[in-house]
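# Inside the fold
These are the residues of each chain, in order.
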Amino acid sequence: MGVTIFTMTHKKFEEPKDGIYIPLHVGRACSEDLGYAGDNTGDNISSKNCFYGELTGVYWVWKNVRTTDYVGICHYRRYFCTEEGRIFNEKDYLSILKDYDIIASKKLKLNFSYFDGYAGDYNIFDLITTGEVIREKYPEYYDTFEKLVHGNGTYFGNMMVSNKKIFDAYSQWLFSIFEEVEKRIDASSYDDYHKRVFGFISEFLLMVFVEKNGLKVYECKVGMTTEKYETKQMKEKLADFFQKKDLAGAKAYFLESLEKRPDVLMEASDITGELKVSMQVVAVCELERQLLGDSVIDHIQDFKELMRYFNRLNDIINAFRMETVQPEDIRYLQQDKISEIALEASARLFCTGDTEYNRVVEAIQQVIV
């Protein structure tokens, strides 16, 4: 009973030492050779990588791999792992798959419906068209699609592990849908990020397939070995703006980047949360300058120091929310000159509703008087 996990990549990376992980260069037909096996041999759609993302690798595994009992997909920087962060080995997979049909990522719980979220970031026509194709080709799936598309959950990353029979059945279903959707939409004018329309929608469709078929799914933690290149680049650029105390430049750059890559604030991309904190830095410091003439960034310009300052503030706010405040939290508030603007902004970020917000702010004011 063998397990093979294909690690989808479009760049060189440090491979796991475990031999069950096999690098697969996706989009190999459109790029330079990285020295890994590519998705451009045999029956393949490698040339469609700009629209399908890692799915060109999924297609290749479906059509060309026949020598393993269990097969899975992960990414060069994302792996299924234990709660402690250890990457799964073959024994882990086999132990889980004795009792479960499929391993997938833990569902993302959205603050809105999947439909509304997709409409906010992408061309909703593409998702609607996918639903129409499902209704025509697989009407038995349509009610499940409709229910889940207006729910608030989705899998992410196109990561899964199952026996090859389930993997093949899912792939056949998925790619037969997209083959028809391709004929009805035109993503050629989208920017490089939004072109990956099939990769985005397939994350959600895995959930539809799992639920409709009554598969017993093991929702697993996904560990990140490295930060996304785009995330790292944004943080470095923001650090330059902060060093120059250029809040306007940081804000303009952030909004421009967010428009191009709306996924950068997702937990799967912003694994340290520092991009979200950077937004907080800009908003708070702008308001402090406007109302007080002086701000945190006029005293702290180093990116890491700014992150520590605001993360400490946020931790204290959450301690007041959860009523787990420690004496050192109170001493920090009393000794450090934190503006009411910064305190109230942080409370607004984390408090759920006016009642909790007022309770937290009043409690803080009592200890800093």
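Cut-offs used in this document
- Residue numbers restart at each chain and count upward from 1, following the sequence in its written direction.
- This being a predicted model, a pLDDT of at least 70 is required before a residue's local features are given, and a value of 80 or more before pairs of side-chain atoms are given or counted; all residues contribute to the totals for chains, interfaces and linings.
- Side-chain numbers here rest on the full set of heavy atoms in the structure, without hydrogens or water.
- Note on definitions: salt bridges are taken to be side-chain nitrogens of Lys or Arg within 4 Å of carboxyl oxygens of Asp or Glu.
- Numbering of helices and strands runs from the N terminus; a helix is a DSSP stretch of H or I covering at least four residues, while a strand is a stretch of E covering at least two.
- Burial classes follow relative accessibility: with a 1.4 Å probe on protein chains only, a residue under 20% of its type's maximum area counts as buried, one over 50% as exposed, and anything between as partly exposed.
- Directions from the helix axis toward the C-beta atoms define the arc.
- Contact between two residues is taken to exist if any of their heavy atoms lie within 4.5 Å; hydrogens are not considered.
- The pairing test for Phe, Tyr and Trp rings, Trp by its six-membered ring, is centres within 6.5 Å, and the orientation test on the planes gives stacked under 30 degrees, edge-to-face over 60, and tilted for anything in between.
- Only the stretch in contact is used when fitting a helix axis, every axis being a line fitted to C-alpha atoms; angles between N-to-C directions are given from 0 to 180 degrees.
- Should an angle lie under 35 degrees it is considered roughly parallel, over 145 roughly antiparallel, and from 65 to 115 roughly perpendicular; all remaining angles are considered oblique.
- We call a crossing left-handed when the near helix sits turned anticlockwise from the far one by less than a right angle, and right-handed when that turn is clockwise.
- Residues enter patches when their relative accessible area tops 30% and they take part in no salt bridge; the joining distance is 9 Å for like charges and 5 Å for the nonpolar side chains Val, Leu, Ile, Met, Phe, Trp and Tyr.
- The Shrake-Rupley method, run with a 1.4 Å probe, gives the accessible areas here. Residue values count only the displayed protein chains as cover.
- Any residue with an atom within 4 Å of a point lines the site, the site being either a cavity, points on a 1 Å grid over the protein atoms alone where a 1.4 Å probe fits but cannot get out, or a pocket, an open set with protein on both sides within 12 Å along at least 5 of 7 lines.
- Grid points are joined across faces, edges and corners, and a volume is the space filled by probe spheres set on the points.
- Under the scheme applied here, ten amino acids are nonpolar (Ala, Val, Leu, Ile, Met, Phe, Trp, Tyr, Cys and Pro), four are charged (Asp, Glu, Lys and Arg), and all others, including Gly, are polar.
- Two strands qualify as a pair provided that DSSP identifies no fewer than 2 bridges between them.
- Each nonpolar core is a collection of buried residues, namely Ala, Val, Leu, Ile, Met, Phe, Trp, Tyr and Cys, held together in the definition by side-chain atoms within 4.5 Å.

What follows concerns the pattern of salt bridges. Inspection of every chain in the model, using the stated rule, returns 21 salt bridges. Between Lys-48 and Glu-182 there is a salt bridge; the shortest N-O distance is 3.0 Å. Note that Lys-48 is positioned in the loop between β3 (37–38) and α1 (49–52) and Glu-182 in helix α7 (residues 164–184), a separation of 134 residues in sequence. Under the relative-accessibility criterion, Glu-182 is labelled partly exposed at 28%.

What follows covers helix α2 (residues 55–64). Counting buried positions along α2 gives eight out of ten residues, so the element sits mostly inside the fold. Here α2 has its buried residues at Leu-55, Thr-56, Gly-57, Val-58, Tyr-59, Trp-60, Val-61 and Trp-62.

Attention now goes to helix α4 (residues 114–121). Regarding α4, the residues found buried are Tyr-114, Gly-117 and Tyr-118. In an axial view of α4, the angular spread of the buried residues amounts to 100°, which keeps them on one side of the axis. Buried residues along α4 sit in contact with α5 (124–137), α6 (139–149), β8 (153–154) and α8 (197–212).

The full count for this structure, using the stated rule, is 31 aromatic pairs. Consider the rings of Tyr-52 and Phe-175, whose centres lie 6.2 Å apart with planes at 25°: the pair is stacked. Here the residue Tyr-52 occupies a position in helix α1, and Phe-175 occupies one in helix α7, the gap between them amounting to 123 residues. In this structure Tyr-52 comes out as buried when scored by relative accessible area, which is 2%.

Axis separation between α6 and α8 bottoms out at 9 Å; the angle between their running directions is 125°. Here α6 is positioned oblique relative to α8, judged by the angle of their axes. At the point where α6 passes α8, the crossing takes the right-handed sense. Between α6 and α8, the contacting residues are Glu-140, Tyr-141, Thr-144, Phe-145, Lys-147, Leu-148 and Val-149 on the first element and Phe-204, Leu-205, Met-207, Val-208, Phe-209, Glu-211 and Lys-212 on the second.

Turning next to a nonpolar patch on the surface. On the surface, a cluster of nonpolar side chains totalling about 290 Å² of accessible area is made up of Leu-287, Leu-291 and Leu-292. Classification of Leu-291 by relative accessible area gives exposed; the value is 56%.

With that settled, the discussion passes to the environment of Phe-241. Mapped onto the secondary structure, Phe-241 falls in helix α9 (residues 229–243). Take Phe-241: its relative accessible area is 15%, and that puts it in the buried class. In contact with Phe-241, other than residues within four places in its own chain, are Asp-246, Gly-249, Ala-250 and Tyr-253.

The gaps left among the atoms become clear once a water-sized probe is rolled over them. Reported here for the second largest pocket is a volume of approximately 230 Å³. Lining the second largest pocket, in full, are Lys-276, Val-277, Met-279, Gln-280, Asn-311, Asn-314, Asp-315, Asn-318, Leu-349 and Phe-350. Broken down by secondary-structure element, the contributors of at least two residues to the lining of the second largest pocket are α11 (274–292), α12 (303–322) and α14 (340–350). The residue inventory of the lining of the second largest pocket, partitioned by class, reads four nonpolar, four polar and two charged.

Counting buried positions over the seven residues of strand β1 (residues 3–9) gives seven, a clear majority of the element. A two-sided burial pattern is seen for β1, the buried positions comprising Val-3, Ile-5, Thr-7 and Thr-9 on one face and Thr-4, Phe-6 and Met-8 on the other. In the sheet, β1 pairs with strand β4 (residues 70–75) via six bridges, with the strands oriented parallel. Within β4, the position partnered with Met-8 by the bridge is His-75. Sheet analysis places β1 next to strand β2 (residues 21–25), joined by five bridges and oriented parallel. In the sheet register, Thr-7 faces β2, and the bridge partner there is Pro-23.

Here the focus is the nonpolar core. Counting 56 residues, the largest nonpolar core has Phe-6, Val-61, Trp-173, Phe-175, Phe-178, Phe-204 and Leu-205 as the members making the most contacts within it. Broken down by element, the residue count for this core peaks at eleven residues, all from α8. Residues contacting Phe-175, with those up to four places away along its chain left out, are Ile-45, Tyr-52, Leu-55, Val-58, Tyr-59 and Trp-62. Membership of the second largest hydrophobic core comes to 37 residues, among which are Val-282, Met-307, Phe-320 and Leu-333.

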